[in-house]
Amino acid sequence: MDKSTIWTISHLIIFCFLSTTSSSTTCGTSGTTVGDSDPNSSKDNVGSGSDVGYLIEDPDYQVGCCGIVNKWEFYAKRTGNIECQIWRKTSANEYMLVGENVINPGAVGEYLYNVPTSSSISVKPGDYIAWHTSATEMVSYNTGSSYPILNRRKTSLGDKSPGDLLDWSNVNPESSGSNRRYAIRAVVKKGNTPQFSFGTSVTVTVPESTASGAAVYVFTVTDADPQDTLTMEMVTTDNSFFRLDTTNKQIVTTQANIPDQATYVMKVKVYDDCLLTQTGTVTLTVPNTALTIDNLPSTGTVDEDETAERKLLDLTVTELNDGYTCSLTTSNVPFIVKQVNTANPTYGVYLNDWPQLSYSSTQSYSLAIECEDGIATATGTYTVNVIKNNSPTIDNTNWIVSLDALTAKTSDVIFTVSTTDVDSTHLTYSLSCTPTGCPFDILNVGYTGKVVLTDRLLRHSKAGYNVDVTVSDGRNTVGPSTIDVTITNINDDPELTNLPTSINVLENLPLGTSVFQASATDTDSSDPKVFRASFNKDWAAKYFRVDSSTGIVYTSSSNNIDYDVLPNPPSFLMYITVTDGKWYDTEHLSIQVQNVNEVPVFSQTHYSTSRTEGADGSNFPTTRYEVLDPDSGDTKTYSVDCGNDTHRFSISPTTGRFSFKGAYNLDDGVSPEEVNCTVTVTDGAGLSDSCVVTLHIRHDNEFNPAFAFASYSFTVQSYEPVGKIVQTIQAVDQDLSSHLHGQYSYSLSPNTRFDVLRNGSIYIKNVDDLYNTAATYTLTLTATDLGGSSASVPVVITVPRYFTTESPEFVDPAYSFLDKSTDMAWFVPALVGGFFFMTVCGFSCYKCTVDCKCRKPKCDCCKRKKVWRPKPVQVVLPKPKELPAEKPKPKEPVFIPKPAKEKPAPKPERQPLRARSPVEERVDVSSPILKVSPQPRPNRQFEFNLPAPAEPFSPPPPYHSVTAEIHTPVSPDMSDSTFIGHHLHHHRGIVQERSLIENEEETNPKRKKPYEFWTDMTNEFT
């Protein structure tokens, strides 16, 4: 068996197997129920979720056959849209949405929906029914232990489209509803069978000349089930000339020249997913093509005197596929029909070699031609006429021509040969000259017989030519006939006499300098001589020219010749041409440009460079000189002259880079920070130029700040006032203080309780809360110069524990308002302002009293409706807002408490007394007369020296200071033991003092308390 038979049998076996297998799984036409058999019986409950989908993995809800969904039936507890779906399991954990029908029952209750054919869903065995509601759930259900239903419930399912994949396996069954039976079912039935557009059979006629790969029949396949996938294949075929194109649904040829007179049958089938199959038969008929000779009858001609074989006609035959032969059936004629060549199967009519035609005996031949392909025969007639031959004749009578060399131009027609040939106009002309080498030719294009001039005549030395002309019609030649040509006014050519030659030209010659003169001769003395020049190098035309009348070669009048910018080598050829207007002579002049040394020149007169001071040989940055020297190969040497400071610097003779000659130290007070030097550049020939270079030398931060000792330590008492300078530590720096590297600042870390001023003075920020606690602080003092170098030293500050056991024995002197300059600073302006205010008020009262007749301040006349017009005196009164709010109170004597009596007991030893500073005076808050804690105010003049406290100022507790005077109680009734005690009871004494003062104010209300004024203690440090 051949391969096609085996292929057909195998496909029949597969088809039978699939048909047998699918017959048991194809749905019936009456319909099969999938789901709840009676939805109306499962209507007790309904879910309350929204956007919920259900997939029922249970045999009752699984499709068991192949077909389409015909109906949906469910019990709706709510109204709205429900998407009834079919899902197909594609893998272990993945499901694909096959299709869905969107249904709106419109009312609560059992609802039956018939699916339109255009919306039907194709199902396969194993598919599951499911549903999804975007709104609240609407499908009802019943519960019962006998329901083996596996419900997959997925929230936030969202809208899905057919083909979407979803993993339902990770959606656990409902925790409380695994025994639910939902009131929904689908009815599936057998689908529709696909159909061919030609039905079950069709007959097609195929021309035998159809090319390979051509579509001979195109058809379509339809299926009423929209989701069905159709598969098409060939069932049987009895030939290999055609094949089924399943993609484009067409029958296609597999070769050209399909055997004709034959019929070919092909059976094809199409089936859907459920193997519902339609079979069709396509019959292909290939008829034989009729044989014809398309270009007969026809007529041709031959010349009487032809002697060689010649093809007269190509036969055109329409039958090309089966093969054919052609022959001449007319005998005893000088003609033959034969194949054109072995590679080309076409035929032609030929004239035999040496046919011996005679017009007088036979003027025409009728040739009968026959072609046949083994099936059919075609004939035709070809008529050949014999043409009688006649010799051509030359008809010209005047054969003399005179040419003027001055006016004759190339391609001019000087003569036309006139001929006659009754048989043909296809004539061929030729000529020859005596003497040879004549500048003439005769045209055969168009068979015109025109004699034309091929060259200018000015340079020809011969005064005339004899031109012989012959004419041929291909069989007969006539002639020669002679043309007598005379040439007048022949020119003598000009000639250059002193070229070629060569010259040398120096660069930088003055513009327009003459460097050479070309000489020429011409025997025609009346002819002008005009010179022109061209160059073998384009750049040379910028620098040289030739005078057209004299032949003198000049340098350019606008472009200077610079050897260093010319291409290398700077030589070229200048082609000089002399012409008399009729002819010309050209020779070359070789010019070599010679180099001349030129002066190097600085592009600018001043440069500058800078660096820091340094050691011997330290280089400055390279100065970017721009020395213009057209002589690119010249060596350049640099030298320097810095006047009195020349001994301090060196310069590189090759690069011009500066360096120190010896160590350069600006801290010595002698070395300058800026030096002007004259730099000279000299080329190899001794030519030079100079410029000024300014050298800027900057201070280098050579030394770091240094402290005198490796560490510092001192003791501070807890009662010392805030802001007191406890120690001044200064660093030294060997850099000059006149620049930034010799100036420095201080910082202290940490600076919570102590800080440092700019001059290195360490002051107290806050230690008063350490009066009952001993503490040691290790600080780091850092000195940093303004160049960034720094040095640090540890500073250890010890604050010893402090307490007192004795009563105060001294009384603080009474505070006087006039003791402080800050009090007077505002009191005096206020006093002046009050005086001015009282003066204005008194003057106003005076004016009021004078205007009234009773001259009493409170008389009724002041209340009259009298228009008072002041005298025209300009009085400038102060603005009300500038007046003080109240009159200043008269200064009262300050209450000075009586000193307490001394105890007879011996006094304990104590430190010698000293006068308190204004700072200690202000910060000493142990006096019982102070009732309100002072608050510091900002001192703007001191902000750059001492930072303001981070927290509001509060006075320290009472203490016994060895450096301050001690206050005594104000009240004489207050016992010593009340004031003297442990420092933990100091608040009690302050409260008692305040109560005594308040009692005294109540008993004597007219007594004014001492004026208390607090100011910022930092004013003392400015």
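Just so you know, these numbers come straight off a predicted model, no measurement behind them. (Residues numbered from 1 in each chain as written. Predicted model: local features only at pLDDT ≥ 70, side-chain atom pairs only at ≥ 80, totals over all residues. Heavy atoms only, no water.)

Peer 1: Looking at this structure, how should I read the state of the cysteines?
Peer 2: Each disulfide is one covalent bond, formed between the sulfur atoms of two cysteines. If you walk through the whole model with that rule in mind, you get five disulfides. The disulfide that involves Cys-433 links it to Cys-438, with 1.7 Å between the sulfurs. Taking the torsion about the sulfur-sulfur bond, which here is approximately 50 degrees, the covalent link between Cys-433 and Cys-438 counts as right-handed. Accessibility classification places Cys-433 together with Cys-438 in one group, the buried group. (Disulfide = S-S within 2.5 Å. Buried < 20%, exposed > 50% of the residue type's maximum accessible area, 1.4 Å probe, protein only.)

Peer 1: How should the environment of Ala-92 be read in this particular structure?
Peer 2: Mapped onto the elements of the fold, Ala-92 is located in the loop between strand S5 (82-89) and strand S6 (95-103). With a relative accessible area of 58%, Ala-92 lands in the exposed category. Considering only alpha carbons, one finds Ala-92 and Asp-167, 75 residues apart in sequence, at a separation of 9.2 Å. (Helix = DSSP H or I, 4+ residues; strand = E, 2+ residues; numbered from the N terminus.)

Peer 1: I tried to follow the sheet that holds strand S29 (residues 364-372) on my own but got confused; where do I start?
Peer 2: To summarise the sheet geometry, strands pair through backbone hydrogen bonds and adopt either a parallel or an antiparallel arrangement. The strand order across the open sheet built from four strands is S24-S30-S29-S26, with neighbouring strands paired in mixed fashion. Two strands lie at the open edges of the sheet, namely strand S24 (298-303) and strand S26 (325-328), each paired on one side alone. Between one strand and the next, the sheet's axes are offset by a mean angle of 25 degrees, whatever the strand orientation. Pairing analysis gives nine bridges linking S29 to strand S30 (residues 377-387), with the strands arranged antiparallel. If you follow Glu-370 over to S30, its bridge partner there is Thr-379. (Pairing = 2+ DSSP bridges. Axes fitted to C-alpha atoms, helices over the stretch in contact; angles between N-to-C directions.)

Peer 1: What exactly am I supposed to notice about the pairing of S30 here?
Peer 2: Side-chain positions along a regular strand alternate between the two faces of the sheet. With burial as the criterion, only one face of S30 is covered, namely that bearing Ala-378, Gly-380, Tyr-382, Val-384 and Val-386; the residues Thr-377, Thr-379, Thr-381, Thr-383, Asn-385 and Ile-387 on the opposite face remain uncovered. Direction of pairing for S24 relative to S30: parallel, over a ladder of six bridges. From the neighbouring strand, Asp-303 faces S30, where its bridge partner is Ile-387. Connecting S29 to the antiparallel partner S30 that follows it, the hairpin turn spans four residues, and Gly-374 within it adopts a positive phi of roughly 95 degrees.

Peer 1: Can you walk me through the environment of Thr-362 in this structure?
Peer 2: Within the secondary structure layout, Thr-362 lies in the loop between strand S28 (347-351) and S29. Overall, the relative accessible area of 25% leaves Thr-362 in the partly exposed class. Considering only alpha carbons, one finds Thr-362 and Asn-385, 23 residues apart in sequence, at a separation of 8.8 Å.

Interpretation in functional terms is not warranted from these geometric data alone.
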